[in-house]
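Descriptive analysis of the structure
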Amino acid sequence: MSEKFVLASHNPGKIKEMSAILARFGVEVVSPKELGITVDVEETGTTFAENAMLKAKAICAASGLPAIADDSGLCVDALNGGPGVYSARYGGEGLDDKGRYTLLLNSLRGQTTRAAHFTCSIACAFPGGDTLTAEGRCDGTIAFAPMGEGGFGYDPVFFVPSLAKTFGQLTAEEKSAISHRGKALAAFSEKLATYLRK
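First things first, this report covers the structure right here in the doc. (Residues numbered from 1 in each chain as written. Predicted model: local features only at pLDDT ≥ 70, side-chain atom pairs only at ≥ 80, totals over all residues. Heavy atoms only, no water.)

**Digging into the pattern of salt bridges**
A full pass over the atoms with the stated rule returns eight salt bridges. Measuring nitrogen to oxygen at the nearest pair gives 3.4 Å for the salt bridge that ties Glu43 to Arg89. Linking Glu43 in the loop between strand E2 (27-30) and helix H2 (48-63) with Arg89 in the loop between strand E4 (82-83) and helix H3 (97-107), this pair joins segments that are 46 residues apart in sequence. With a closest N to O distance of 2.8 Å, Asp139 and Arg137 form a salt bridge. Shared partners join several salt bridges into a network, and the residues in it are Glu43, Lys55, Asp71 and Arg89. (Salt bridge = Lys/Arg side-chain N within 4 Å of Asp/Glu carboxyl O. Helix = DSSP H or I, 4+ residues; strand = E, 2+ residues; numbered from the N terminus.)

Here is the structure:
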């Protein structure tokens with residue numbers, strides 16, 4: 001049977017990625033837009049997990065359906081873990097993905113320590129009040145220049161040493177096998193499968 005979940009995101013890249021991974025569990029992912037929901041959730045949490053739960057609960061309340069939200073971001077050692085929870089808003093509202101990663105590269109100019117990791121927290125809120133959470137992390141470094149056209153966000157500058165490629169150079173399958181979101185979704189999927197069997 002197909003379960004319908006609302007994904008609390010307007011990011012088409014994220015919706016596509018989540019749909020592909022969750023389809024294996026008979027979960028159909030719909031966007032708030034498809035349901036005519038225009039709730040804009042203020043991300044006031046200080047952690048990825050808090051922000052994910054805020055979004056999931058708000059969208060669940062608005063739709064009456066189980067809602068999945070993720071909050072993820074890039075944490076760069078040389079920037080004391082920044083941009084972190086501000087990854088999507090790094091540099092202010094006027095910047096697009098390319099503007100944000102260009103700003104990041106500029107702020108790391110001259111830095112020899114380029115270690116970084118992506119973190120993803122997933123939260124799911126059910127109409128009855130139940131919640132599920134999961135986390136994932138992918139370690140890498142910040143490249144010296146963008147490489148690859150794939151993915152979204154900081155993908156062209158996030159370099160994975162074991163593959164000698166950036167996220168932007170990986171296929172969707174390669175990326176979801178190792179990415180923070182792929183790992184978080186794998187952990188979340190196990191919890192969800194157990195929950196749905198109840």
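**Notes on the packing of aromatic side chains**
Tallying each qualifying case throughout the model produces five aromatic pairs. Clustering of aromatic rings is evident, with ring pairs tying together Phe5, Phe126 and Tyr195. The ring centre of Phe144 lies 3.9 Å from the NZ or CZ of Arg114, which sits over that ring. (Phe/Tyr/Trp six-rings, centres within 6.5 Å; stacked < 30°, edge-to-face > 60°. Lys NZ or Arg CZ within 6 Å of the ring centre and 35° of its normal.)

**With respect to the pairing of strand E5 (residues 115-125)**
When you tally the buried positions in E5, you get 10 out of 11 residues, the bulk of the element. Pairing between strand E3 (residues 67-76) and E5: 10 bridges, direction antiparallel. The residue bridging Leu74 from the neighbouring strand is Phe118, located in E5. Two strands pair when backbone bridges link them, and E5 and strand E6 (residues 131-142) are joined in this way by 11 bridges, in the antiparallel orientation. Looking at the pairing, Cys120 lines up with Gly136 of E6. As consecutive antiparallel partners, E5 and E6 are separated by five residues, and within that stretch Gly129 has a phi angle of approximately 105°, a positive value. (Buried < 20%, exposed > 50% of the residue type's maximum accessible area, 1.4 Å probe, protein only. Pairing = 2+ DSSP bridges.)

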